[in-house]
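Close look at the chain arrangement
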Amino acid sequence: MTDTPDTPDTPVTLITGGGSGIGAAVARRLLDAGQRVAVTGRGEARLRAFSAELGHPEGLLTIQGSTAEHAQVVAAVEATLKEFGRLDTVVANAGFATHDSVAEGDPAGWTEMVLTNVLGPALLIRASIDALKETRGRIVLVGSVAGFVNTPGNIYGATKWAVTGLAENTRREVTQWGVGVTLIAPGRVETPFWEATGSLPPGELLTADQIADSVVWAMTQPAGVDVNTVVVRPLGQPN
Ligand SMILES: NC(=O)c1ccc[n+]([C@@H]2O[C@H](COP(=O)([O-])OP(=O)(O)OC[C@H]3O[C@@H](n4cnc5c(N)ncnc54)[C@H](OP(=O)(O)O)[C@@H]3O)[C@@H](O)[C@H]2O)c1
């Protein structure tokens, strides 16, 4: 891509669910490094508050929309390209848990969880792949340790097992185009993810910044290096 004032060479990252927690921590890290970042989320107030907290930086674009809606994901990619002129990395980070079980939980919450956690990353990959081919960019999927271990009745975990599978299936397709794929699978992290349960889980937790460090580390490897799977637990988390 030509380096003109309208399309400068500064890398651009689009992060779904980037108004809080891990996504927001990644956005902060990248903005601090001088990169340009677009973040999405369903709640406009949350996005506004995040931008205000950072002092409305020039390199930050906030886009209201759901990662579970195809048209809204396409619109988010288009808005990012229109604003910044290129796309180097997408981070499929938006996700949540109903924190219930397959035998005793409430199925009413499962549709949105499955669509957000499983369909969302697939829609983001589909919508961004042409732009990523141009930059030989990177797809980062935020999975979970729950997508590597079995826990009784954990339907959220099943969505993350799907993300684990999607990451490698995607890698096998897009590596031919010079596009990298990184699956970051965090253990327990202190974020609003746990708000619905009323308290943080017992034991040690990572900070969102510690996971953001892993994301940025994978993104900043030398050309030709593709970090594929990173599982990061807090020391002391047994499963
Ligand atoms: N915290 C942990 O212990 C932990 C561990 C392993 C993996 N993870 C994963 O890490 C990722 C980030 O979670 P987090 O811990 O940082 O929690 P978080 O602070 O709750 O972040 C999730 C973000 O996703 C957004 N979101 C939810 N549904 C969305 C949708 N359909 N479309 C667009 N945005 C949506 C939320 O904003 P809106 O509600 O405004 O849309 C929120 O900003 C998730 O995929 C989660 O499963 C978390």
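Structure: above.
It should be emphasised that the depicted structure is a prediction, and the values quoted were computed from it without experimental measurement. (Residues numbered from 1 in each chain as written. Predicted model: local features only at pLDDT ≥ 70, side-chain atom pairs only at ≥ 80, totals over all residues. Heavy atoms only, no water.)

By secondary structure assignment, the location of Phe148 is in the loop between β5 (138–142) and α5 (155–174). For Phe148, a relative accessible area of 33% puts it in the partly exposed group. Measuring from C-alpha to C-alpha, the distance between Phe148 and Trp110 comes to 20 Å, with 38 residues separating the pair along the chain. Aside from chain neighbours lying at most four places away, what touches Phe148 is Trp161, Thr164, Leu183, Ala185, Thr229 and Val231. (Helix = DSSP H or I, 4+ residues; strand = E, 2+ residues; numbered from the N terminus. Buried < 20%, exposed > 50% of the residue type's maximum accessible area, 1.4 Å probe, protein only. Contact = heavy atoms within 4.5 Å.)

Counted by the stated rule, this structure contains two aromatic pairs. Measuring from ring centre to ring centre gives 4.9 Å for Phe193 and Trp194, while their planes differ by 80°; the resulting arrangement is edge-to-face. With relative accessibility at 17%, the residue Trp194 sits in the buried group. Stacked on the ring of Trp177, the Lys or Arg Lys133 has its end atom at 4.0 Å from the ring centre. (Phe/Tyr/Trp six-rings, centres within 6.5 Å; stacked < 30°, edge-to-face > 60°. Lys NZ or Arg CZ within 6 Å of the ring centre and 35° of its normal.)

On a regular strand, one side chain projects to one face of the sheet and the next to the other, so that they alternate. On strand β4 (residues 89–92), burial covers both faces: Thr89 and Val91 on one face and Val90 and Ala92 on the other are all buried. Summarising the sheet, strand β1 (residues 12–15) and β4 pair through three bridges and their orientation is parallel. When the bridges of β4 are listed, Ile15 appears paired with Val91. Examined bridge by bridge, β4 and β5 share four bridges and lie parallel to one another. Across the sheet, residue Ala92 finds its bridge partner in β5, namely Leu141. Chirality of the crossover, the property in question, places the unit of β4, helix α4 (residues 110–135) and β5 among those that are right-handed. (Pairing = 2+ DSSP bridges. Right-handed = clockwise from strand over helix to strand, strands pointing away.)

If you trace the backbone, Gly59 turns up in the loop between α2 (44–53) and β3 (60–64). With a relative accessible area of 15%, Gly59 lands in the buried category. Separated by 20 residues in the primary sequence, Gly59 and Ala79 have C-alpha atoms spaced 14 Å apart. Beyond its immediate sequence surroundings of up to four residues, Gly59 is in contact with Leu31, Gln35, Arg36, Val37 and Phe84.

Take empty space enclosed by the protein next. Per the stated rule, a full pass over the model turns up one cavity of 30 Å³ or more. Of the pockets and cavities examined, the largest cavity occupies roughly 70 Å³. Lining the largest cavity, in full, are Leu14, Thr16, Thr40, Ile63, Gly65, Ser66, Thr67, Gln72, Val73, Ala76 and Leu124. Ranked by residues supplied to the lining of the largest cavity, first place goes to helix α3 (residues 70–84) with three residues. (1 Å grid on protein atoms, 1.4 Å probe; cavity = no way out; pocket = protein on both sides within 12 Å on 5 of 7 lines; lining within 4 Å. Points joined across faces, edges and corners; volume = space filled by probe spheres on them.)

Attention now goes to the layout of surface pockets. Size it by volume and the largest pocket reaches roughly 1,200 Å³. Considering every element that reaches the lining of the largest pocket, the biggest residue donor is helix α1 (residues 21–32), with three residues. Split into classes, the residues belonging to the lining of the largest pocket amount to 17 nonpolar, 26 polar and six charged. A volume near 430 Å³ is recorded for the second largest pocket. In terms of lining residues, the second largest pocket is bounded by 22 residues, among which Arg136, Gly137, Arg138, Met219 and Ala223 are the most central. Each residue belonging to the lining of the second largest pocket can be placed in one class, and the counts come to seven nonpolar, eleven polar and four charged. (Nonpolar A, V, L, I, M, F, W, Y, C, P; charged D, E, K, R; others polar.)

With that settled, consider the packing of α1 against helix α6 (residues 208–219). Between α1 and α6, the shortest axis-to-axis distance is 8 Å and the interhelical angle comes to 55°. Considering the angle they form, α1 stands oblique to α6. Of the two elements, α1 crosses α6, and the hand of that crossing is right-handed. Where α1 approaches α6, its residues Gly21, Ile22, Ala25, Val26, Arg28, Arg29 and Leu30 are matched on the opposing element by Ala208, Asp209, Ile211, Ala212, Asp213, Val215, Val216 and Met219. Residues that form the contact of α1 with α6 fall into these classes: ten nonpolar, one polar and four charged. (Axes fitted to C-alpha atoms, helices over the stretch in contact; angles between N-to-C directions. Parallel < 35°, antiparallel > 145°, perpendicular 65-115°, else oblique. Left-handed = near helix turned anticlockwise from the far one by under 90°.)

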